[in-house]
Protein chains: 2
Amino acid sequence: MIHHGATKQRILDTAERLFGQYGYAAISLRQIIAEAEVNLAAIHYHFGSKEDLLDEVVLRGVTPVNERRLELLEAHEAETGGRPDLDKILEIFLMPMADKASRHPDFVRLMGRLMAEGLLPTIIQKHFQGIAARFSAALARALPDLAPEELAWRIHFMVGAIAQTMCGTPAFAPILGEPAPFHERLRRLSAFLAGGFRAPLPQPEKIEVQL
Amino acid sequence: MIHHGATKQRILDTAERLFGQYGYAAISLRQIIAEAEVNLAAIHYHFGSKEDLLDEVVLRGVTPVNERRLELLEAHEAETGGRPDLDKILEIFLMPMADKASRHPDFVRLMGRLMAEGLLPTIIQKHFQGIAARFSAALARALPDLAPEELAWRIHFMVGAIAQTMCGTPAFAPILGEPAPFHERLRRLSAFLAGGFRAPLPQPEKIEVQL
DNA sequence: GTCTATACTGAGATAGAC
DNA sequence: GTCTATCTCAGTATAGAC
């Protein structure tokens, strides 16, 4: 414990666990320092603020996932020669997170919470804008007949569905029994999203107001 | 201001506006009382706590929407004789909220935030469990070939997409220009969801770990 | 029954001693 | 690098004026 950065590590690990299990807003810095057995000011020394601590937790966890995603996407694009497959793109985007979930379930729940909460848009967006642009471009090539605006909206819908699935609280689905393994969840999600992306275009605005 | 319940109303209106625009966690009771020009303790007198205030905001706004939803659903089920149409069910669920949004945009943003945040699951679930059961049953009849478990998951995905659309921050879709009118958004969403519900079943688990 | 004034506890943040 | 003390502001609780 003679400052090998052990303090910083313990703070990061504890924060990831507590934020993931109970949510960012629900966990106080004082709860973290109690479990990590460090001093309150140590958090502000190492990270600056509660929000910056969250930022570093996200950065640490998401970096290897996004690297793996890019790696797989580039391999697939090379294979298919600029005409990637929709189902494959979705699988490539989701599976690295599923693998992460098997080792760090709390981190993945945290990511789901953050994606959903409009509260921390900056933090998430910062770590995802590169990946988002890359996958958006791939989706555009996989769906050449879809108008860019419609594609953008469908990506938006996808983000919501992914976020909901990652935090994994089946609010409106009381039928669901045990928490299904993450890979299975994401296979189901992948099929759903593919159907959504391939759906026929919405009808233009109806005249009648009444349903 | 001679206590015709004007205080309670002003608190509700101001809370709805501020919670919707900035989020529940981001707004303090002291910000609400400043804009509503009431005393701090008046909130606790009328509502009990910050969370109970939120609950009443949600209840007030969601009641007419859900009543309209049930009314439309029952009419449709009567017309079609127990074999409702998927697209129609989605439209019936979404359009009353779109109508609400044209008059109370802040309320609808708030609903989106709350549905997304796992933080307040109790509040949302309380006001939606009746509606959810009703629409789940309708969806099951519209999609008789879908296994109940798969249907439950797809509803779960739908909730995420709806929540994302209602709070309306297009995090991963910077292509989107001006904030589109709510009815248009929901028509696009409706088409996307219908495609998702009709998607072919996901493949059973693959053996290979490697992608 | 309605509202006001005020105090209490716990949150995140900061300064400075060691 | 670490820890103590302290600051400000949050939500909450209570006593009492009208």
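The structure displayed is predicted, hence computed values, not measured ones.

**Notes on the protein's contact with DNA strand C**
Taken together, 15 residues form the shell around DNA strand C, and within it A:Arg30, B:Thr7, B:Asn39, B:Tyr45 and B:His46 come nearest. For DNA strand C, the backbone makes up 56% of the atoms found within 4 Å of the protein, where backbone means sugar plus phosphate. At 3.0 Å, a side-chain N or O of A:His44 approaches a phosphate oxygen of DNA strand C. Separating a phosphate oxygen of DNA strand C from a side-chain N or O atom of B:Thr7 is a distance of 2.7 Å. Those elements that place two or more of their residues in the surface near DNA strand C are helix 2 (29-36) and helix 3 (40-46) of chain A together with helix 3 (40-46) of chain B. It is helix 3 of chain B that provides the largest number of residues to the surface near DNA strand C, a total of four residues. Split by residue class, the surface near DNA strand C holds six nonpolar, seven polar and two charged.

**Looking at the domain arrangement of chain A**
All names here are of chain A. For chain A, the assigned domains read domain 1 (4-46) and domain 2 (58-198). Every contact between the two is made by 11 residues of domain 1 and, on the other side, eight residues of domain 2. Of all residues in domain 1, the largest losses of buried area upon contact with domain 2 belong to Glu16, Gly20 and Tyr24, amounting jointly to 55% of the total for that side. Here domain 1 and domain 2 share two salt bridges between them.

**Some details on the protein's contact with DNA strand D**
Around DNA strand D, the surrounding shell holds 15 residues, and the nearest of these are A:Asn39, A:His46, B:Leu29, B:Arg30 and B:Lys50. A share of 52% of the atoms of DNA strand D within 4 Å of the protein falls on sugar and phosphate groups. One nitrogen or oxygen atom from the side chain of B:Arg30 is found 2.4 Å from a base nitrogen belonging to DNA strand D. Elements supplying a minimum of two residues to the surface near DNA strand D: helix 3 of chain A together with helix 2 (29-36) and helix 3 of chain B.

**So, the pattern of salt bridges**
Residues and elements named next belong to chain A. Taken as a whole, this structure holds 26 salt bridges over all chains when the rule is applied. Glu35 is paired through a salt bridge with Arg17; the nearest N and O atoms lie 2.8 Å apart. Residue Glu35 is found in helix 2, and its partner Arg17 is found in helix 1 (residues 6-22); the two are separated by 18 residues along the sequence. Owing to a relative accessible area of 45%, Glu35 belongs among the partly exposed residues under this scheme. Lys88 is the salt-bridge partner of Glu91, the closest N and O atoms lying 4.0 Å from each other. You can see Glu91 and its partner Lys88 sitting in helix 5 (residues 86-103), three residues apart, about one turn around the helix.

**Overview of the packing of helix 8 (residues 148-167) of chain A against helix 9 (residues 182-197) of chain A**
All names here are of chain A. The contact between helix 8 and helix 9 brings their axes to 11 Å, and the two run at 160°. Between helix 8 and helix 9, the crossing angle belongs to the class labelled roughly antiparallel. Between helix 8 and helix 9 lies a crossing whose hand is right-handed. Counted together, Leu151, Arg154, Ile155, Met158, Ala161, Ile162, Thr165 and Met166 of helix 8 and Phe182, Arg185, Leu186, Leu189, Leu193, Gly196 and Phe197 of helix 9 form the full contact between these two elements.

Parameters at a glance
- Residues numbered from 1 in each chain as written.
- Chains lettered and ligands numbered in written order.
- Predicted model: local features only at pLDDT ≥ 70, side-chain atom pairs only at ≥ 80, totals over all residues.
- Heavy atoms only, no water.
- Near = heavy atom within 4 Å.
- Polar contact = N/O pair within 3.5 Å; in protein donor to acceptor, adjacent residues only side chain to side chain.
- Helix = DSSP H or I, 4+ residues; strand = E, 2+ residues; numbered from the N terminus.
- Nonpolar A, V, L, I, M, F, W, Y, C, P; charged D, E, K, R; others polar.
- Domains from an automatic or database assignment.
- Contact = heavy atoms within 4.5 Å.
- Buried area = accessible area lost by both parts, 1.4 Å probe.
- Salt bridge = Lys/Arg side-chain N within 4 Å of Asp/Glu carboxyl O.
- Buried < 20%, exposed > 50% of the residue type's maximum accessible area, 1.4 Å probe, protein only.
- Axes fitted to C-alpha atoms, helices over the stretch in contact; angles between N-to-C directions.
- Parallel < 35°, antiparallel > 145°, perpendicular 65-115°, else oblique.
- Left-handed = near helix turned anticlockwise from the far one by under 90°.

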